[in-house]
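# Tertiary structure, described
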Amino acid sequence: MLGVLWGAATLTFLAQHLMPGDPAPTILGGAGSKPSPEQLAAVNAQYGFDRPVLVQYVDYLGGLVRGDLGTSYVLKQPVADIIGQQVGPTLVLTITALVAAWGIAVVVTLLTAHRSRALAALGSGVEIFLAALPQYWLGIVLLVVFAFQLHLFPVVGDDGVAGLVLPALTLALPLAGFLGQVTRDEFSTAMEQPFAVSARARGMSDWGVRWRHALRHAVLPGLSLSGWALGSLFSTAVIVEIVFVRPGLGRILVDAVSKQDMPVVVGVTLLVALVYVAANLLVDVAFVRVDPRLRRA
């Protein structure tokens, strides 16, 4: 975890310094402010831009260790405070989408996996179709159909639970296709294992075998994918928030990029890296909880 976070921090530092242009004019009001050389020199000295790059890098890492992500060039507020104010809606959207994706994948798997050839092909086709959907395009389609034409959901996605449905489905549907694909094969294999055959021989119904035995083994590959998926959802949620005009990290990130507010861009990037790392750690813990064989080992 520490190695990945250090690598992400180093890459974001390098990206920040390789960006064309001088950050001092941005701090002083942008390209149209026309600051004097004395003002530029004062800002460079205040922010340490005139110091050697290695010294800036060490100070940058030291600030990260202390939880200091720097100060926004435009908003003149600590980046940690800006992110803290907006991260809540993004987390809600991400977690809701992950739960919905798992729900869709589990339902499709239980209903179609290890069934007749036609039903299994139908389920597999649905998963492939969902996995192929571009999320940005899907969000626009859902918005046009269910908000503008059918008026079932609000156009602006900041209206309680109703405003969360379309953005969550935009993220959840493609992910459900991926989860269903990796779960289906393992589910079919589990249905042929001795424990499943033994359960059926004891009189357990087919649905009981599917729900209580096969599904538990089938979700293990999906759990591995969930670590990547949670980080991917968190980063993709930034785009979806723009489509549905939702509060969250998406709006502040787009504003920061357009205004070259690099501390905010770097802060959001590091947060996404942290989410990836934490999600994969949680997946490792979940593996042990789901598969008792790992605890015995």
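Below is a summary of the structure that appears in this document. Note that the structure is a prediction, hence the values are computed from the model and not measured.

A few words on empty space enclosed by the protein. As enumerated under the stated definition, the model contains 1 cavity of 30 Å³ or more in all. Size it by volume and the largest cavity reaches roughly 30 Å³. What lines the largest cavity is Ile 104, Ala 105, Val 108, Val 126, Glu 127, Leu 130, Ala 176 and Gly 180. Here the residues of the lining of the largest cavity are counted per class, giving 6 nonpolar, 1 polar and 1 charged.

On to the packing of helix α8 (residues 162-191) against helix α10 (residues 206-243), then. At their nearest, the axes of α8 and α10 sit 7 Å apart, and the two run at 145° to each other. The interaxial crossing formed by α8 with α10 has right-handed handedness. For the contact of α8 with α10, the residue count by class is 20 nonpolar, 6 polar and 3 charged.

Right, let's talk about the layout of surface pockets for a bit. When its volume is computed, the largest pocket comes out at roughly 750 Å³. Taken together, 28 residues form the lining of the largest pocket, with Gln 16, Tyr 47, Phe 49, Tyr 73 and Pro 263 sitting closest to its centre. Of all the secondary structure elements, the ones that give two or more residues to the lining of the largest pocket are α1 (2-18), α2 (23-27), α4 (53-65) and α12 (262-290). Here the element with the most residues in the lining of the largest pocket is α4; it accounts for 5 residues. A breakdown of the residues in the lining of the largest pocket according to their chemical character gives 13 nonpolar, 10 polar and 5 charged. Both domains that meet at the lining of the largest pocket, namely domain 1 (1-66) and domain 2 (86-292), each give it at least three residues. Estimated volume of the second largest pocket: approximately 400 Å³. Lining of the second largest pocket is provided by 14 residues; of these, Leu 5, Ala 9, Leu 64, Val 65 and Leu 270 occupy positions nearest its centre. Of all the elements in the fold, those that place two or more residues in the lining of the second largest pocket are α1, α4 and α12.

The rules behind these values
- Residues numbered from 1 in each chain as written.
- Predicted model: local features only at pLDDT ≥ 70, side-chain atom pairs only at ≥ 80, totals over all residues.
- Heavy atoms only, no water.
- 1 Å grid on protein atoms, 1.4 Å probe; cavity = no way out; pocket = protein on both sides within 12 Å on 5 of 7 lines; lining within 4 Å.
- Points joined across faces, edges and corners; volume = space filled by probe spheres on them.
- Nonpolar A, V, L, I, M, F, W, Y, C, P; charged D, E, K, R; others polar.
- Axes fitted to C-alpha atoms, helices over the stretch in contact; angles between N-to-C directions.
- Helix = DSSP H or I, 4+ residues; strand = E, 2+ residues; numbered from the N terminus.
- Left-handed = near helix turned anticlockwise from the far one by under 90°.
- Domains from an automatic or database assignment.

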